[in-house]
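Examining the three-dimensional arrangement
Chain by chain, the residues run as shown.
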Amino acid sequence: MLAEFRTKRETERVRVEDKYQVIGFISSGTYGRVYKAKAKKTVKSADGEEKELVYAIKKFKPDKEGDTHTYTGISQSACREISLCRELQHQNIISLQEVLLEDNSIHMVFEYAEHDFLQIIHHHSQQERKPIPEFTIKSFLWQLLNGVAYLHANWVLHRDLKPANILVTADGVVKIGDLGLARIYERPLQPLFNGDKVVVTIWYRAPELLLGSRHYTKAIDIWAVGCIFAELLTLRPIFKGEEAKMDNKKNVPFQKNQLNKIFDVLGKPTKEQWATIEQQPEYPNLASFRSSPNRLREFYNNSCSSNSDAGFALLSAMLEYDPVKRITAEDALLHPYFSEEPKPSMDSFEGQHYQYPLRAVKSEDNDMKVPPTANSAVQGQGGTTHGGTRGKHGHSGKDEGRPSKRGRV
Ligand SMILES: Nc1ncnc2c1ncn2[C@@H]1O[C@H](COP(=O)(O)OP(=O)(O)OP(=O)(O)O)[C@@H](O)[C@H]1O
């Protein structure tokens, strides 16, 4: 009876292949594999032309128990990402089209984004060897803040903002992606640390987290946005530290190297700058650091992308040591930098001639059912690449040498 019921339910359920044709494999992340796919049904555009709709399908890995894959239910990360993405609707947050369950795996179908900040930074540093135009940087930053302001207004913290997670459509619209680590928080601030690990990829991790703070606040996301702004300006991570790894006893290590990188640019923080610094759990460790001057202005002046004083003021406000004094996303959107020419736009590529490379897609790896092999997990190497409208050649999109949240302590 039950078997009959199941069979009927399963035949009624819409399968991924009924609606989508997989074009190829994009990337494997912490939680699964991402594929490019097109909808089997086309739509008619305003001028009556048939239009193909393209999506990114994230297939979550089944949970692993020992050496065998077993279905142990929906992972916490998938659950969080699904529930948040279903609720959140904003032009600067990647939109979730639908969720399908097939072969005991969750498939999240997202709108497709052709680029991301990391890929664009690589293109300018390696191919063009020219800074990103100020108009594009300003439009990227404004839209990123617009998305973050929306998340924060809805009591959601992203907790892993970094260039690879900030997607951009072929039309130049910024879409914050990867909400797998995002959390809803409540007021008054709850310590989200309990049973949870320290998050945020180390180069973008706020000083209060590095000094042992256990309270996640909106200010942590803003620090990361400040680091991303600096990276867009100079095409290099501003605080490129090395993460100290956890020892065998799982003691959380002190991140001396990362703090050193921050102090090299911003100077060692003082009590005048950060009133409650002495209350930070790792404060005693600061005694071993020498006092140093703030060199952010020099850093900014050398960036070549912008010579706007307002731009410098906004960067300083986002990289404020004291999280209480750090600018909010809402206030940052109203900052004079954005009312100065060039003004930001929702098409960050408007009027520019750059042809950014298209996201690399391995077309021979288009079977979602085949379990990943060591080879197929390598992203963007070899394989035919497919393109969209703006770019000219494929890009690996690889996060080479960059720390990931997997390395979090
Ligand atoms: N909507 C999308 N459009 C195009 N590509 C996407 C999209 N979403 C994700 N990708 C690609 O897939 C990669 C992995 O996606 P995502 O970051 O969501 O997964 P993850 O498992 O959390 O990975 P990671 O641990 O690297 O952050 C992204 O870096 C990007 O290259």
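Residues numbered from 1 in each chain as written. Predicted model: local features only at pLDDT ≥ 70, side-chain atom pairs only at ≥ 80, totals over all residues. Heavy atoms only, no water.

Observations concerning the state of the cysteines
Scanning all chains against the criterion turns up zero disulfides. C85 provides the cysteine sulfur closest to C79, a residue in no disulfide bond, and the two sulfurs are 12 Å apart. (Disulfide = S-S within 2.5 Å.)

Some words on the side chain of T234
Here T234 shows up in helix α7 (residues 218-234). Excluding its chain neighbours within four sequence positions, the residues that come into contact with T234 are F299 and S303. (Helix = DSSP H or I, 4+ residues; strand = E, 2+ residues; numbered from the N terminus. Contact = heavy atoms within 4.5 Å.)

So, the domain arrangement of the chain
Domain assignment breaks the chain into domain 1 (15-111) and domain 2 (115-338). Taken together, the contacts link 16 residues of domain 1 with 22 residues of domain 2. Summed over both sides, the interface of domain 1 with domain 2 buries roughly 1,500 Å², with 59% coming from carbon and sulfur. Per-residue buried area on domain 1 facing domain 2 is highest for R80, L84 and N92; these three make up 37% of the total on that side. Across the domain 1-domain 2 interface, the total number found is two salt bridges. In this structure, the salt-bridge partner of E111 is K175, at a minimum N-O distance of 3.5 Å. On inspection of domain 1 and its partner domain 2, the count reaches eight residue pairs in polar contact (both at pLDDT 80 or more). (Domains from an automatic or database assignment. Buried area = accessible area lost by both parts, 1.4 Å probe. Salt bridge = Lys/Arg side-chain N within 4 Å of Asp/Glu carboxyl O. Polar contact = N/O pair within 3.5 Å; in protein donor to acceptor, adjacent residues only side chain to side chain.)

Focus: the site of the ligand
Lining the immediate surroundings of the ligand are 18 residues, of which T30, K58, E111, D178 and R359 lie closest. For the ligand, an oxygen atom lies 2.9 Å from a polar atom in the side chain of K58. Within the backbone of A113, one N or O atom sits 3.0 Å away from a nitrogen atom of the ligand. In isolation the ligand offers 610 Å² of accessible surface; the protein chains occlude 90% of this area. Among the elements of the structure, β5 (54-60) and β9 (105-111) are those that each provide at least two residues to the shell around the ligand. The residue makeup of the shell around the ligand, split by class, is eight nonpolar, four polar and six charged. When we break the shell around the ligand down by domain, the ones giving at least three residues each are domain 1 (15-111) and domain 2 (115-338). (Near = heavy atom within 4 Å. Areas by Shrake-Rupley, 256 points an atom, 1.4 Å probe, with all protein chains shown as cover. Nonpolar A, V, L, I, M, F, W, Y, C, P; charged D, E, K, R; others polar.)

Considering helix α4 (residues 117-128)
For α4, the set of buried residues is F117, L118, Q119, I120, I121, H122, H123 and H124. The N-cap of α4, judged by a side-chain oxygen 3.2 Å from the amide nitrogen of L118 a few residues on, is D116. Phi turns positive one or two residues past the end of α4, at R129, with a value near 50°. (Buried < 20%, exposed > 50% of the residue type's maximum accessible area, 1.4 Å probe, protein only.)

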